[in-house]
Amino acid sequence: MNDREDRTDETEAPGAPATADAPEETDAKLAELEDRWLRSVAELDNVRKRIARDTERLRAEERDRVAAEWLPILDNLELALGHAAGQEGDARAIAEGVRAVRDQALAVLSRLGYARHDETGVPFDPVHHEAVATVERDDVEPGTVVQVVRPGYGDGLRQLRPAIVVVAKKAE
């Protein structure tokens, strides 16, 4: 044999494993990758559980905060009812007390980001209004809100409900 044949016999064919223990190395790498994958899956599961716990905790804290905002209103309603029971003939004082409690409730909603909308004379906006009727009116432009049946609360994406309104239309 010549030198060229000797070198060919000593070298491995292209694509053949580099060493005799290559299957063992492959198995070790596969086992390592599988272990890393299982650890990643477990870590992802732990992150999901932690996020779920944190979300529930934040929701509970927010519910507590909102409920605490309403407690003074309940206190004032109880005071008004107690005053009404003692003052059977003074309807004006009772009405003023209830009006004050309503104003307090509106202030709480406004602080929470849900301002009241009960404006008349504004153009009808289907995002903020829900029309339940139309009336023929010559004194205002068609499409103008002329009566608010039920006020709406909130703006844009943070809208609790639209205002229920009556809208003017052109007299025929």
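Rules behind the numbers
Counting restarts for each chain: residues are numbered from 1 in the order of the written sequence. A pLDDT threshold of at least 70 governs which residues receive local features in this predicted model, and a stricter bar of 80 or more applies before side-chain atom pairs are shown or counted, although totals over entire chains, interfaces and linings include all residues. Here the side-chain values reflect all heavy atoms present in the structure, with hydrogen atoms and water set aside. We count a stretch as a helix when DSSP gives it H or I for four or more residues in a row; a strand needs E for two or more, and each element gets its number in order from the N terminus. Only protein chains enter the area calculation, which uses a 1.4 Å probe; residues under 20% of their type maximum are buried, those over 50% are exposed, and those in between are partly exposed. Residue contacts are counted whenever heavy atoms from the two residues lie within 4.5 Å of one another. Surface accessibility follows the Shrake-Rupley procedure with a 1.4 Å probe radius. Residue values consider only the protein chains on display as shielding. Each pair of strands is called paired provided DSSP finds at least two bridges between the two strands. Between N-to-C directions, angles span 0 to 180 degrees; the directions come from axes that are lines fitted to C-alpha atoms, helices contributing only their stretch in contact. Any two of the Phe, Tyr and Trp rings considered here, Trp counted by its six-membered ring, make a pair once their centres fall within 6.5 Å; the pair's planes then place it as stacked at under 30 degrees, edge-to-face at over 60, or tilted in between. Consider the ring centre and the ring normal. A charge sits over the ring if Lys NZ or Arg CZ is within 6 Å of that centre and within 35 degrees of that normal. Every helix has an expected span of 1.5 Å times one less than the residues it contains. As used here, the arc belongs to the directions running from the helix axis to the C-beta atoms. The term salt bridge refers to a pairing of a side-chain nitrogen on Lys or Arg with a carboxyl oxygen on Asp or Glu at a separation within 4 Å.

Caption draft 1: Representation of the overall build of the chain within the structure. When helices and strands are counted, the chain shows 3 helices and 6 strands. Across the 172 residues of the chain, 14% fall into the buried class. Sequence-distant contacts, at least 24 apart, represent 61% of the contacts inside the chain between residues at least 6 apart. Summed over all atoms, the accessible surface of the chain reaches about 13200 Å², with 54% contributed by carbon and sulfur.

Caption draft 2: Molecular detail of the environment of R102. Position of R102 relative to the elements: it lies in helix 3 (residues 91–111). Looking at R102, the relative accessible area reads 42%, which means it is partly exposed. Measuring from C-alpha to C-alpha, the distance between R102 and L77 comes to 9.3 Å, with 25 residues separating the pair along the chain.

Caption draft 3: Representation of the sheet that holds strand 2 (residues 129–136). The strand order across the open sheet built from 3 strands is 2-6-3, with neighbouring strands paired in mixed fashion. What marks the edges here is a single partner per strand, and that holds for strand 2 and strand 3 (145–150). Across the sheet, the mean angle from the axis of one strand to that of its neighbour is 30 degrees, orientation sign disregarded. Judged from the 4 bridges that link them, strand 3 and strand 6 (residues 163–169) form a sheet pairing that is antiparallel. For V148, the partnering residue across the bridge sits in strand 6 and is V165.

Caption draft 4: Summary view of the packing of aromatic side chains. If you walk through the whole model with that rule in mind, you get 0 aromatic pairs. Geometry around Y114 places R158 over its ring, the cationic atom sitting 4.9 Å from the centre.

Caption draft 5: Representation of the sheet that holds strand 1 (residues 116–117) in the model. The strand order across the open sheet formed by 3 strands is 1-4-5, and the pairing between neighbours is antiparallel. Here the strands that pair on one side only, and so sit at the sheet edges, are strand 1 and strand 5 (158–161). Here 3 bridges tie strand 4 (residues 152–155) to strand 5, and the two strands are oriented antiparallel to one another. Residue D155 lies in a different strand from strand 5, and its bridge partner there is R158.

Caption draft 6: Fine view of helix 3. Spanning 21 residues, helix 3 covers 30 Å between terminal C-alpha atoms, matching the ideal 30 Å at 1.5 Å per step. Residues of helix 3 that are buried include every one of V101, A105, V108 and L109, and no others. Each buried residue of helix 3 lies within a common arc of 100 degrees when the element is viewed along its axis, so the set occupies one face. Seen from the buried face of helix 3, the exposed residues on the opposite side, beyond 90 degrees, are R92 and R111. With its phi angle positive at about 95 degrees, G113 sits one or two positions after the end of helix 3.

Caption draft 7: Just the pattern of salt bridges, in detail. Applying the stated criterion to the full structure yields 9 salt bridges. Two residues, E62 and R65, come together in a salt bridge whose shortest N-O distance is 2.6 Å. With E62 and R65 both in helix 2 (residues 22–86) and 3 residues apart, the pair spans about one turn of that helix. By relative accessible area, which is 37% here, E62 ends up partly exposed. Note that R111 and E69 form a salt bridge whose closest N and O atoms lie 2.8 Å from each other. You can see R111 sitting in helix 3 and its partner E69 sitting in helix 2, a full 42 residues away along the chain.

Taken by themselves, the reported measurements are silent on function.
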